[in-house]
Amino acid sequence: MIHDLLSAADLDADSATLILDTAVEMAAMADRDIKKLPTLRGRTVVNLFYEDSTRTRISFEAAAKRLSADVINFSAKGSSVSKGESLKDTALTLQAMGADAVVVRHQASGAPHRLATWVDGRVINAGDGTHEHPTQALLDAYTLRSRLGGIAGRHVAIVGDVLHSRVARSNVLLLHTLGAKVTLVAPPTLVPVGVSEWNADVSYDFDAVLPSVDAVMMLRVQRERMGEAYFPSAREYSRRYGLDPVRVSRLPEHAIVMHPGPMIRGMEITPEVADSPRSTIVEQVANGVAVRMSVLYHLLGGFK
Amino acid sequence: MTTFRIRGARILGGDPTDLLVRDGVVAAVGADADAPGAESVDADGLVALPGLVDLHTHLREPGREDAETVLTGSRAAALGGYTAVCAMANTDPVADTAGVVEQVWRLGREAGLVDVQPIGAVTVGLGGERLAELGAMADSAASVRVFSDDGHCVFDPRLMRRALEYVKAFDGVIAQHAEEPRLTVGAQMHEGVVSARLGLTGWPAVAEESIIARDALLAGHVGARLHICHVSTRGSVDIIRWAKARGVRITAEVTPHHLLLTDTRAESFDPVFKVNPPLRTAEDVEALREALVEGIVDIVATDHAPHTTEDKECEWAYARPGMLGLETALSIVQDVALDRLGWDGIAERMSRTPARIAGLTDHGRDPAPGVPANLTLVDPAARRQVDPGSLASRSRNTPYAGMTLPGRIVATFLRGEATVLDGKVVK
Amino acid sequence: MGYPASSASAASPSTQGKTILETGDIGRIIDRIAHQILEKTSGARDVVLVGIATRGVPLARRLVERISTFESVDVPLGVLDITLYRDDLRLRGARSVGHTEVPPEGIDGRRVVLVDDVLFSGRTVRAALDALKDIGRPRAVQLAVLVDRGHRELPIRADYVGKNIPTALTESVKVLLTETDGRDAVVLQEETA
């Protein structure tokens, strides 16, 4: 197994599949009365969050605690970090504390890569800037697999602000590794220059893509993007790229609707779609804990 | 003043000969180059070049003496074979008045290792809004001839036009940092395949090219001299070629790092590779090398940009852009272009032409009897591994750490005084 | 000291070495243990058989089948993968986690018979007891093994033993079962480090 999980590209098909398989067993445990395993007793997992993300932090915290690891939450707010301590000094502090794993969320792309050069413990990227969010891609793959029965040969549309989305980057990498076909759907302004090298098709026409997909993954679109002239208005965005009941009716019967959350109802997805049986949004959250348990187990399990 | 007898040097790579350096000038070349009591410098196998001239150096003093001072930067320059450097204006306070440029000029004189020629800011405080007192800087003891807001683009086209016109009065030149600011908001690296993958905001080539095109047209319109700093893209080369063919008085520089490194270096997220303009693609690197050989890009300038460890050992987005360059520039040019340029071509692009652009009449002259003894001796056969810890610069942000580069400066002379001997700085 | 390789390895072990038990022997032992369980538990009342992955599972399944044949009782069957309860994660590293299946009736108040192929250090059984504790609260837990090879490192003993095989620490005991290995046998071999 790899030393750190910084990018979805760190995982080959075998290791990704192993993580997903293990997550199935971890998920089974969640149905028991005692949701706890002794596996990581005595290990220390630090959640180092420079960016507010309650859901991701809680997910990692639950995952680590269910494996009996000691969890230290180190949030940028109210700590020495907000007093201007550098990432490197923070890293050295964590190193001295004997952190076996550092789960890091940071607004700067590549911060986990930097951190990994300064600490011996495992580094898990919990989302860095507009770069990657590999555990989100793993939990999305888990959800796809459990809903569709597999990933290889399936067609997934990733719709929205691809340019600024770490979720999209990690998903394109992992879904390709696992044999899925990916189509990115976005206005041209929200697709990066250089996307041609990605293992994905690009379409500007959501309606044309709908009939052929097994899953639609909606990305959050921040309203601030309007001010930067990526699109003219929220209304126009919704009309062209939002998922509403009419578009859902054009999906194949079995196709599912995914969203990494937090979603902006009415912008990229209408409330009735978000709450429909096709939506996996709540399930994705539960799967997140199981997948993160599996990641922690496999990374820390190999640690001597 | 010591008299030096340099024995067996190959001037511009020619046949070995002796040089006598006395009273600040090259007193004699060839068989009669000897004098009683002259200190002998063994230059067997060494190439003698006119002292290098850097049109683009950041010495950080005043303001950021923790990153570099005029003295430490001068040491780095002398060790790199330079006898003159042009100090960029983005200090704190900004070099936008006669007072500041004279202070920098004086600090250079006190250090006494290279001629430090200050560059004046084009606009007050590099703010891009009001012209600085360009004439006062030109008339000062520093005799400023090159003006630049480097680090910032002179973006307002009307202001740029006025600046180009105004400095004609004293044969000045505007050195433009070509960067369309609206196209580079938050930019972190070259916009392309790698930035798409790394999720770093892109710095598109067009942001450089559009400004160069505009300014070339402006300079042609008002008949002024224009110099383009750190050209980094294939498209810029095309535009400069076009402008030169049209008769525009335009010159351009390329940095050593843009001749060697590409944007894939960002994959490590190590900000030592963060620079502005950013490292580009292999295609751009190839085009820049061609342009340098062809003479479309006139000179190599280092854009030596020292930064403290705190400003570099951090997240990529928070790091300051810039790289050290003075101590490695000649090695890199030797590495990428000696086979096509020869030593004469290197002297043209790293000494004579930059001296001419900057108006430094004592520099950029080939060693010959009667010429000011500003020269350097390089051992082209030497190879060295770059060790950041052993650089003379106060900062450590070299992108070449661990790389093995050809060539080594053995000695440098400034007006007949040795600033470097045996590869070590004299003071 | 880790776990006996025999119960941990899912891959079929090599069959070089001295054969201790043949197909017929194993069948007779299963029959005997099935009878013993019936005898000691008043006709397998409230019994749940739980096989410890990997080779404890087919053994448990065979016992369920034999008990049903002898007394027409349907004994619930569970599967326990103890990977996440091992105490040698730091020594051996993470490995793939097998499937754990609790019978629908659960194990609360039941008499659980753990089934494994080889009893060696006792650490696997210790891990299995920990795992059981997290699944429910059995009235009693018993242990059935095909082979007891000695060298216990923990105060653990089996209630039902197929065969005691005295071994040296340098030897290993390989259990082969038709379900996992294509044939039934127990082989004693010299460990090649």
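The structure displayed is predicted, hence computed values, not measured ones. (Residues numbered from 1 in each chain as written. Chains lettered and ligands numbered in written order. Predicted model: local features only at pLDDT ≥ 70, side-chain atom pairs only at ≥ 80, totals over all residues. Heavy atoms only, no water.)

Asks: Teacher, can you tell me more about the UniProt feature "short sequence motif: PRPP-binding" (unreviewed entry) in chain C here?
Replies: UniProt annotation of "short sequence motif: PRPP-binding" (unreviewed entry) refers to residues 112–124 of chain C when read in the numbering used here. Taken end to end, residues 112–124 of chain C is 15% helix and 62% strand, and its first and last C-alpha atoms sit 16 Å apart. (UniProt positions renumbered as here; feature names shortened; annotations may be inferred. Helix = DSSP H or I, 4+ residues; strand = E, 2+ residues; numbered from the N terminus.)

Asks: Sorry if this is basic, but what is going on with the domain arrangement of chain A here?
Replies: Many descriptions give the size of an interface as the accessible area lost when the pieces come together. Residues and elements named next belong to chain A. Each assigned domain of chain A is listed with its residue range as follows: domain 1 (8–132 + 285–301) and domain 2 (134–280). Taking only C-alpha atoms into account, the centre of domain 1 sits 25 Å from that of domain 2. Taken residue by residue, the interface counts 31 residues in domain 1 and 22 residues in domain 2. The junction of domain 1 with domain 2 conceals about 2,100 Å² of combined surface from both sides, 63% of it contributed by carbon and sulfur atoms. On inspection of domain 1 and its partner domain 2, the count reaches 2 salt bridges. In this structure, arginine 166 engages glutamate 51 in a salt bridge whose closest nitrogen and oxygen atoms are separated by 2.9 Å. One can count 8 residue pairs in polar contact (both at pLDDT 80 or more) joining domain 1 with domain 2. (Domains from an automatic or database assignment. Contact = heavy atoms within 4.5 Å. Buried area = accessible area lost by both parts, 1.4 Å probe. Salt bridge = Lys/Arg side-chain N within 4 Å of Asp/Glu carboxyl O. Polar contact = N/O pair within 3.5 Å; in protein donor to acceptor, adjacent residues only side chain to side chain.)

Asks: Help me out: how do you make sense of unusual backbone geometry in this one?
Replies: Trans is the prevailing form of peptide bonds, just as negative phi is the prevailing case for residues other than glycine. Proline 62 of chain B follows glutamate 61 of chain B through a cis peptide bond whose omega is 5 degrees. Relative to the elements of secondary structure, proline 62 of chain B occurs in the loop between β6 (52–57) and α1 (70–79). Here the amide bond leading from alanine 53 of chain C into threonine 54 of chain C is cis, since omega sits at 5 degrees, within 30 degrees of zero. Following the sequence through the fold, threonine 54 of chain C ends up in the loop between β2 (47–52) and α3 (56–71).

Asks: Where do I start with the sheet that holds strand β7 (residues 201–203) of chain A in this structure?
Replies: Pairing between the strands of a sheet is mediated by backbone hydrogen bonds and can be parallel or antiparallel. Residue and element names in this part refer to chain A. Read across the open sheet, the 5 strands follow the order β7-β6-β5-β8-β9; overall the sheet is parallel. Looking at the sheet topology across the chains shown, the edges are occupied by β7 and β9 (256–258). Here the average twist between neighbouring strands, direction ignored, is 25 degrees. In the sheet, strand β8 (residues 215–218) pairs with β9 via 3 bridges, with the strands oriented parallel. Paired with alanine 215 across the strands is isoleucine 256, a residue of β9. Contacts from helix α6 (residues 166–177) reach β5 (155–159), β6 (181–185) and β8, with the element oriented near 170 degrees to β5. (Pairing = 2+ DSSP bridges. Axes fitted to C-alpha atoms, helices over the stretch in contact; angles between N-to-C directions.)

Asks: Where do I start with the UniProt feature "domain: Aspartate/ornithine carbamoyltransferase Asp/Orn-binding" (unreviewed entry) in chain A in this structure?
Replies: UniProt feature "domain: Aspartate/ornithine carbamoyltransferase Asp/Orn-binding" (unreviewed entry): in the numbering of this structure it lies at residues 153–299 of chain A. The distance separating the terminal C-alpha atoms of residues 153–299 of chain A is 28 Å; by composition the span is 38% helix and 14% strand.

Asks: How should the pattern of salt bridges be read in this particular structure?
Replies: Residues and elements named next belong to chain B. In this structure the tally under the stated criterion is 45 salt bridges over all chains. In this structure, glutamate 290 engages arginine 340 in a salt bridge whose closest nitrogen and oxygen atoms are separated by 2.9 Å. With glutamate 290 in helix α9 (residues 282–294) and arginine 340 in helix α11 (residues 329–358), the pair connects residues that are 50 residues apart, well separated along the chain. One connected set of salt bridges, linked through shared partners, spans Asp344, Glu348, Arg352, Arg356 and Asp366.

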